[in-house]
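Descriptive analysis of the structure
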Amino acid sequence: MVIPVIALTGLAAWLLVITTHPTKAAERIELVKTALAVGAGTGGVITLILASRRQWHTEQAQLGTEHDAAERRITDLYTKAADQLGSDKAPVRLAGLYALERLAQDNPAQRQTIVNVMCAYLRMPYIPPAEQVPTDDAPESDQARFEARTQEHQVRHTAQRILAAHLRTGRDHVEAVFWPDVDVDFTGATLIDLDFHNCHMRAASFARARFIGDASFTEARFSDDARFNGAQFPSGAKFTGSQFAGTAMFAEAYFGGRAWFADVTFAGAAWFVRAQFEGDAGFDRARIVGDAGFVGAQFMKGARFGDARFIGKAEFGLAQVSGDAEFREAEFASDATFIRARFAGVAMFDEAQFAGIAMFAETIFDGDARFSDAVFAGQVKFDRAQFAGAVHLASWVRLDVSTGLMGYAWPPGWKVVDTSDRPDPSMAGKWGRLMPPDRTP
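Since this is a predicted model, take the numbers as computed values, not measurements.

1. A few points about the packing of helix α3 (residues 90-106) against helix α4 (residues 111-123)
- As a packed pair, α3 and α4 sit with axes 9 Å apart at the nearest point and diverge in direction by 155°. Taken together, the axes of α3 and α4 lie roughly antiparallel to each other. As α3 runs across α4, the sense of the crossing is left-handed. Residue-level contacts link Arg93, Leu97, Leu100, Glu101, Leu103, Ala104 and Gln105 of α3 to Arg111, Ile114, Val117, Met118 and Tyr121 of α4.
- In the contact of α3 with α4, the residues fall into 8 nonpolar, 1 polar and 3 charged.

This is the structure:
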């Protein structure tokens, strides 16, 4: 640093000489003093700059050291907690779960990884304890097995509760503990009395999962695709008021108890292809924006779609409803297909509205078929449909867009009668009334 200071001092003296032209000795002495002051000040500035740079490098190195130490500490805590989950002692596994929860709460960047670990734990094979408690004279091996499975039941239930507590939104939302933008993967997992009401997940997979006891997803929110393909719900399943932003996949899912999807919003497609509903299935007031696929679905007790809205295509081909089927006041904004479906009970389509093509070709109605005041604004086909019970028609049919109204599209004896009336004064077009044999409007 000395050489730059001497050079700057000399430069300052030279500039002062050529600009001031001193003639007297006193003036030259003052000039030298001024140059020295300039050099000293410049040296001080340079010293300050160098000191600041050294301080900055020192602080950066210290921050890097502290960051590395923090990362190592997080890694150590994570490794220790994960190891605890592999313990053969239930209390140690519980401690591992709570340690992971604290780590995720304090370190948002680690939350998805820790959720993945908890989900992986729940995906591991598990056999629930027998309902019958072993007697005192039972072999010790049976008692030990029952105790181990009972304890594991508690561990798994704790893992579920931890996840639910940090995914919960809505009226149960607590900002401080909520973990946003989390994916969950329970593919093939065994879940016990799962309570995910008001939970908000991003992508979620419950494919082939087995739900022991009731499963609640009431008012849950899925902001990405939700997979329930092949999931087993031997007891009740509640999805009332839930929201699916992506595709909802329930293909080949099994519902042994009541399956309730009332007031659900499917912003994407909803696939229930070959799903089995042993109990009541309720989709009242459901709103399906994407295509709805119920092809080959089996409803063993009944199917309720009252006041439901189908914005995309609705496909119920080959579906079987052993009980009553209710589609009263349902709205089909696009094509609706019921080809070769079978309704063993009463099929109620009263006041339903079909904006696109309505296909009931080869559909079998073993019970009464009710279409009173149904509105068919597009083409409608009932060709080769079979009616074993009473038929209640008097439906509205738009005549200037439909084809085949008096031909193969109708069973024998059906007829369309012209009328100047309309289902609603705001509806355009020419309309007629579809009537069963020997009926007039």
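2. So, the sheet that holds strand β35 (residues 375-376)
- The 12 strands lie next to each other as β3-β7-β11-β15-β19-β23-β27-β31-β35-β39-β41-β40, forming an open sheet whose pairing is mixed. Edge positions in the open sheet fall to β3 (200-201) and β40 (415-418), since each of these has one partner strand only.
- The pairing of strand β11 (residues 243-244) with strand β15 (residues 265-266) spans 2 bridges and is classified as parallel. Following the sheet pairing, Gln243 is matched in β15 by Thr265.

3. Points about the sheet that holds strand β30 (residues 347-348)
- In space, the 9 strands of this open sheet follow the order β6-β10-β14-β18-β22-β26-β30-β34-β38, with parallel pairing throughout. The open sheet has two free edges, formed respectively by β6 (215-216) and β38 (391-392), since each of these has just one partner strand.
- As paired strands, strand β14 (residues 259-260) and strand β18 (residues 280-282) are joined by 2 bridges and run parallel to one another. What sits directly across from Trp260, in β18, is Gly282.

4. A closer look at α3
- With 17 residues, α3 should cover 24 Å at 1.5 Å per step; its first-to-last C-alpha distance of 25 Å lies within 8% of that length.
- Of all the positions in α3, only Ala90, Arg93, Gly96, Leu97, Leu100, Glu101, Leu103 and Ala104 are classed as buried. Seen end-on, α3 carries its buried residues on one side only, within an arc spanning 165°. Turned more than 90 degrees away from the buried face of α3, the exposed residues are Pro91, Arg102 and Asp106.

5. Overview of the packing of aromatic side chains
- A complete count under the given rule lists 76 aromatic pairs for this structure.
- Summarising the aromatic geometry, the rings of Phe371 and Phe382 are spaced 5.3 Å apart at their centres and angled 85° between planes, so their arrangement reads as edge-to-face. With Phe371 in the loop between β34 (369-370) and β35 and Phe382 in the loop between β36 (380-381) and β37 (386-387), this residue pair connects regions lying 11 residues apart in the sequence. The pair formed by Phe371 and Phe382 is uniform in burial state, with each residue classed as buried.
- Over the aromatic face of Trp260 sits the side chain of Arg258, whose NZ or CZ is 3.8 Å from the ring centroid.
- Seen from the ring of Trp396, Arg433 lies directly overhead, with NZ or CZ sitting 4.0 Å from the centre.

6. Quick look at unusual backbone geometry
- Although it is not a glycine, Asp193 sits at a positive phi angle of roughly 45°.
- When its relative accessible area of 42% is taken as the criterion, Asp193 is described as partly exposed.
- Despite not being glycine, Glu252 shows a phi value in the positive range, around 60°.
- Taking the relative accessible area as the measure of exposure, Glu252 reaches 44% and is therefore partly exposed.

Procedures and definitions
Residues numbered from 1 in each chain as written. Predicted model: local features only at pLDDT ≥ 70, side-chain atom pairs only at ≥ 80, totals over all residues. Heavy atoms only, no water. Axes fitted to C-alpha atoms, helices over the stretch in contact; angles between N-to-C directions. Helix = DSSP H or I, 4+ residues; strand = E, 2+ residues; numbered from the N terminus. Parallel < 35°, antiparallel > 145°, perpendicular 65-115°, else oblique. Left-handed = near helix turned anticlockwise from the far one by under 90°. Contact = heavy atoms within 4.5 Å. Nonpolar A, V, L, I, M, F, W, Y, C, P; charged D, E, K, R; others polar. Pairing = 2+ DSSP bridges. Expected span 1.5 Å × (residues − 1). Buried < 20%, exposed > 50% of the residue type's maximum accessible area, 1.4 Å probe, protein only. Arc of directions from axis to C-beta. Phe/Tyr/Trp six-rings, centres within 6.5 Å; stacked < 30°, edge-to-face > 60°. Lys NZ or Arg CZ within 6 Å of the ring centre and 35° of its normal.

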